[in-house]
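Geometric and topological summary
Listed here are the chains, written in short residue letters.
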Amino acid sequence: MARFDLALKGGECVMPWGVVRADIGIRAGRIAAIGDLTQAEAAQTVDCKGLHLLPGLIDPHVHLRDPGDPKVETMETGTRAAVLGGLAAVFDMPNTTPSITNTERLNAKRDFVNGHAWCDIGIYVGGTKTNIAELAALELEPNVCAIKIFAGSSTGDLLVEDDASLEAVMRSGRRAICYHSEDEYRLQARKPMFTPGMPHINHQEWRDVETALLGTRRLMALARKTGRRAHILHVSTAEELAYLADYRDVASCEVLLNHLTQTDEAYGRLGGYAVMNPPIRGARHLEAAWKAVADGTVDCVGSDHAPHSRAAKERPWPDTAAGLTGIQTIVPLMLDHVSAGRLSLPRLADLMCAGPARIYGAKTKGRLAVGLDGDVTVVDMKKTRTIEDSWIVSPCGWTPFAGHRCSGWPVMTVVRGHIAMRDDEVQGAPQGRPVEFIDTRHA
């Protein structure tokens, strides 16, 4: 008789080809069986009747701010928020304090994951003008999901804006590079047009559509020239999405939950709590994002979780800190979009699990399959709940989606066979580990 550490029985499993009723058996942290496990024994069995079982969802774009300011976020609080929100893994950005730009800082961060993270973590390394020669080696270090390049300035001190440096980056290494794509020269040229105290909606005028499109066009020309794959993060404009459709041979792209959910009316309603880079834009861009989700142009969806203190968000624009919380709310909001008919559960699993695993090369994640990690996000599509600031566990204590009522909610997060969250309660102790990637060395 088969025996498992954990058996999830009677649920609707979300597979790449559709939804099927099946049991899942997990042993030694990996999926050991999918099918009828009625006769099997398990150390722990969970009745999942009436629930949907998705592969453990991944947020490939978060800023845990650790090392940084623990009054805003830490690895422990950010990953606690992740599992409460239904995420089994997150990929953490390098613009911390100090930035993750060399082997010493990378090693320190990797070592810190064990005992502090509730979910698994992939680690970005930041590219700068001073470490270009080291990037080819850094991208092969254990647990590195990608090199991150800020081609336009945002939060932190990482910036590589000129074509010569960007080309040098592309010629140093072979894995896909992730880009914040805005044209720094246009950003700086337009900056004097705006004065302190102007309405927050001017954020989208300063960082306008042309700023985004110019940045992406330059990166695509260089990607074609060098043959280096590019992953364009947080694509926010209809123009970029149309342009990228012709560059699928060298590029993939991410769209944020915010750009699928919010439009520029948010500036009047939320003020500084709507300010992010690239900015929230008008309705036509949201519609284009959903069209790109439907036609396959979009490879993955992330939150760009980037918490700041309330004081920093409430400074007058343009001194308002740019960045919004999202790690705890992305799954409920995406499930709400499923309930509204904007996408299916299999497409959600593709955008938030198979897509990130494919783009970044996560070795043992991506779908429900025997031999892969026992990561499962269990959701109740009949459950409705309103997002509230009081639910947010990040120390900053706020969400731009407070008051949004969601249809569909995560009720359990399983990370490599360990139940990290069940019924809105974290379980046990932090069990997160660094994610292993193809084309990197093992720790």
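This text goes with the structure placed above it.
The sections below set out a description of the structure shown in this document. (Residues numbered from 1 in each chain as written. Predicted model: local features only at pLDDT ≥ 70, side-chain atom pairs only at ≥ 80, totals over all residues. Heavy atoms only, no water.)

Thoughts on the pattern of salt bridges
Our working rule: We define a salt bridge as a contact between a side-chain nitrogen of Lys or Arg and a carboxyl oxygen of Asp or Glu at a distance within 4 Å. Note on exposure labels: buried denotes an accessible area under 20% of the residue type's maximum, exposed denotes more than 50%, and partly exposed covers the range between, all computed with a 1.4 Å probe on protein chains only. In DSSP terms, a helix is any run of H or I states spanning at least four residues, a strand is any run of E spanning at least two, and both are numbered starting from the N terminus.
Going through the model one piece at a time under the given rule, you end up with 34 salt bridges. Linking D350 and R358 is a salt bridge whose minimum nitrogen-to-oxygen distance equals 4.0 Å. With relative accessibility at 25%, the residue D350 sits in the partly exposed group. In this structure R358 comes out as partly exposed when scored by relative accessible area, which is 47%. Of the charged contacts in the structure, one is a salt bridge between E436 and K363, with a shortest N-O distance of 3.9 Å. One end of the pair, E436, is in the segment after β17 (425–426); the other, K363, is in the loop between α14 (345–360) and β14 (376–386), with 73 residues separating them in the sequence. Judged by relative accessible area, E436 falls into the partly exposed class, the value being 38%. Under the relative-accessibility criterion, K363 is labelled partly exposed at 35%. Each of R30, D120, K365, D373, D375 and R416 takes part in one network of salt bridges that share partners.

A few points about the packing of aromatic side chains
For clarity, the threshold we go by: Stacked, edge-to-face and tilted labels apply to pairs of Phe, Tyr and Trp rings (six-membered ring for Trp) whose centres lie within 6.5 Å, assigned for plane angles under 30 degrees, over 60, and everything in between, in that order. Should the NZ of a Lys or the CZ of an Arg lie within 6 Å of a ring centre and within 35 degrees of the ring normal, that charge is described as sitting over the ring.
Within this structure, the stated rule accounts for seven aromatic pairs. Each ring, one from W391 and one from W409, has its centre 5.0 Å from the other, and the planes form 50°; the classification is tilted. Placement of W391 in the loop between β14 and β15 (405–415) and of W409 in strand β15 is noted, with a sequence separation of 18 residues between them. Across this residue pair, the class does not change: W391 and W409 are buried. Cluster of aromatic residues (ring-pair linked, three or more members): F91, Y124, Y360 and F437. A cation sits over an aromatic face here: K148 above F150, 3.9 Å from the ring centre. Note that R207 overlies the ring of W206, its terminal NZ or CZ placed 5.0 Å from the centroid.

Quick word on the nonpolar core
So the rule is basically this: Take the buried Ala, Val, Leu, Ile, Met, Phe, Trp, Tyr and Cys residues and link them wherever side-chain atoms come within 4.5 Å; each set so joined is a nonpolar core. Throughout, a residue-residue contact means that at least one pair of heavy atoms, one from each residue, lies within 4.5 Å.
Of all hydrophobic cores here, the largest spans 100 residues; its most connected members are M352 and Y360. Apart from the residues within four sequence positions on either side, Y360 is in contact with P60, F91, Y124, C145, A146, R175, C178, H231, L233 and F437. Residues M15, I26, V378 and M412 belong to the second largest nonpolar core, which totals 19 residues.

Let's talk about the sheet that holds strand β10 (residues 177–180)
Going by this rule: Whether two strands pair comes down to DSSP finding at least two bridges between them. Between the N-to-C directions of two axes lies an angle of 0 to 180 degrees, each axis being a line fitted to C-alpha atoms and, for a helix, fitted only over the stretch in contact.
With parallel pairing, eight strands are arranged side by side in an open sheet as β6-β7-β8-β9-β10-β11-β12-β13. Each of the sheet's edge strands pairs with one partner strand only, and the pair in question is β6 (57–62) and β13 (300–302). Within this sheet the neighbouring strands show an average axis-to-axis angle of 30°, counted without direction. In this sheet, β10 lies alongside strand β9 (residues 144–150) in parallel orientation, the contact comprising four bridges. Across the sheet, the residue bridging to I149 is Y179, located in β10. In this fold helix α2 (residues 103–113) packs onto β7 (87–92), β8 (120–126) and β9, with an angle of close to 170° to the strand it touches most, β8.

What to know about the environment of D5
With respect to the element layout, D5 can be found in strand β1 (residues 3–15). Considering only alpha carbons, one finds D5 and I123, 118 residues apart in sequence, at a separation of 29 Å.

Topic: helix α4 (residues 163–170)
Restricting attention to buried positions, one finds in α4 the residues S165, L166, E167, V169 and M170. Those residues of α4 hidden inside the fold are in contact with α3 (135–138), β9, β10 and α7 (209–226).

A few points about the side chain of R347
Definition in use: In protein, a polar contact means a hydrogen-donor-capable atom and an acceptor-capable atom, both N or O and within 3.5 Å, with residues adjacent in sequence counting only if both atoms are side-chain atoms; elsewhere, any N or O pair within 3.5 Å suffices.
When you line up the elements, R347 lands in helix α14. For R347, the side chain forms a polar contact with the main-chain oxygen of V298, separated by 3.0 Å.

Regarding unusual backbone geometry
Residues D66 and P67 are joined by a peptide bond in cis, for which omega reads 10°. Its place among the elements puts P67 in the loop between β6 and α1 (75–84). Residue N277 is joined to P278 through a cis peptide bond whose omega torsion reads -10°. Secondary-structure assignment places P278 in the loop between α10 (266–270) and α11 (283–295). The phi angle at A28 is positive, at roughly 55°, despite the residue not being glycine. Examined against the element boundaries, A28 turns out to sit in the loop between β2 (18–27) and β3 (30–35). For D304, which is not glycine, the phi dihedral falls at a positive 50°. Inspection of the secondary structure puts D304 in the loop between β13 and α12 (310–313). A relative accessible area of 8% places D304 in the buried class.

Overview of the pairing of β3
Note that β2 and β3 share five bridges and pair antiparallel. The residue bridging I24 from the neighbouring strand is I34, located in β3. Linkage of β2 to β3, two consecutive antiparallel strands, is achieved through a turn of two residues, within which A28 is found at a positive phi near 55°.

These figures come from the coordinates and say nothing about function on their own.
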